[in-house]
Amino acid sequence: FAAELPWQTDLPKAQAEAKTSKKLMLLDFTGSDWCGWCMKLNREVFSKPEFKEYAAKNLVLVELDFPRMKAQSDSLKKQNEELAEKYGIQGFPTIIVLNGEGKKVGELGYMDGGPDAFIAELEKLRKS
């Protein structure tokens, strides 16, 4: 049984961790409580043991949520909006992958094939 994933919301803190631990950062731009494809990605990939195991070893996970119902602090809203602008986010879910230096190494979205297909894409980025 894999534990719940440690999704962070504080980007500077996540980046410091990624740098120290030599992991990639996965930024999940999501509308967690209204976006169907986001929920599908969570269900088919992020909630699966294979992904949790891979993430624990290789990723620092950051959720940048744009909910419609859930309350968020103003500072969190502001950070998420600024990051969406910085990375030119057009729709949800958009997954931006950064290295420990904060440099963008890839961009993913929803894809078929469950955790295996998703992990395969992340492995390509990790090795590039």
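Use the structure listed above.
Residues numbered from 1 in each chain as written. Predicted model: local features only at pLDDT ≥ 70, side-chain atom pairs only at ≥ 80, totals over all residues. Heavy atoms only, no water.

Q: Let's hear about the overall build of the chain: which residues, and what values?
A: Assigned secondary structure in the chain consists of 5 helices and 4 strands. Listed by position from the N terminus, the elements making up the chain come as α-β-α-α-β-α-β-β-α. Over its C-alpha trace the chain gives a radius of gyration of 14 Å, about what one expects of a compact globule, namely 14 Å for 128 residues. C-alpha atoms of the chain, sized along the principal axes, occupy 35 × 30 × 30 Å. Restricting to contacts in the chain with at least 6 residues of sequence separation, those with at least 24 account for 70%. (Helix = DSSP H or I, 4+ residues; strand = E, 2+ residues; numbered from the N terminus. Rg over C-alpha atoms; globule rule 2.2 N^0.38 Å. Contact = heavy atoms within 4.5 Å.)

Q: Account for the packing of helix α2 (residues 36–46) against helix α5 (residues 114–127), with residues named and values stated.
A: Running from amino to carboxyl end, α2 crosses α5 at an angle of 90°, the nearest separation of the two axes being 7 Å. The orientation of α2 with respect to α5, classified from their angle, is roughly perpendicular. On α5, the residues touching L41, E44, V45 and F46 of α2 are G114, P115 and F118. Residues of the contact of α2 with α5, tallied by class, amount to 5 nonpolar, 1 polar and 1 charged. (Axes fitted to C-alpha atoms, helices over the stretch in contact; angles between N-to-C directions. Parallel < 35°, antiparallel > 145°, perpendicular 65-115°, else oblique. Nonpolar A, V, L, I, M, F, W, Y, C, P; charged D, E, K, R; others polar.)

Q: How would you summarise the pattern of salt bridges if you had to cite specific residues and measurements?
A: As a working rule, side chains carrying opposite charge can pair if their charged atoms are close by. The tally for this structure, following the rule as stated, stands at 9 salt bridges. For K104, the salt bridge goes to E107, with nearest N and O atoms at 2.6 Å. When its relative accessible area of 36% is taken as the criterion, K104 is described as partly exposed. Each of E123, R126 and K127 takes part in one network of salt bridges that share partners. (Salt bridge = Lys/Arg side-chain N within 4 Å of Asp/Glu carboxyl O. Buried < 20%, exposed > 50% of the residue type's maximum accessible area, 1.4 Å probe, protein only.)

Q: I'd like a description of the environment of Y110, backed by residues and values.
A: Within the secondary structure, Y110 is located in the loop between β4 (104–108) and α5. It is 9.6 Å that separates the C-alpha atoms of Y110 and N42, two residues lying 68 residues apart in sequence. In this structure Y110 touches W37, K40, L41, E44 and P93, once residues within four positions along its chain are discounted. In this structure the side chain of Y110 is engaged in a polar contact, spanning 2.5 Å, whose partner is the side chain of E44. A distance of 3.2 Å separates the side chain of Y110 from the side chain of D112, its partner in a polar contact. (Polar contact = N/O pair within 3.5 Å; in protein donor to acceptor, adjacent residues only side chain to side chain.)

Q: So what about the packing of helix α3 (residues 49–58) against α5? Which residues, and what values?
A: Axis separation between α3 and α5 bottoms out at 9 Å; the angle between their running directions is 20°. Taken together, the axes of α3 and α5 are roughly parallel relative to one another. With respect to the hand of their crossing, α3 and α5 are arranged in left-handed fashion. Of the residues in α5, those in contact with E50, F51, Y54 and N58 of α3 are P115, D116, F118, I119, L122, E123 and R126. Grouping the amino acids of the contact of α3 with α5 by side-chain chemistry returns 6 nonpolar, 1 polar and 4 charged. (Left-handed = near helix turned anticlockwise from the far one by under 90°.)

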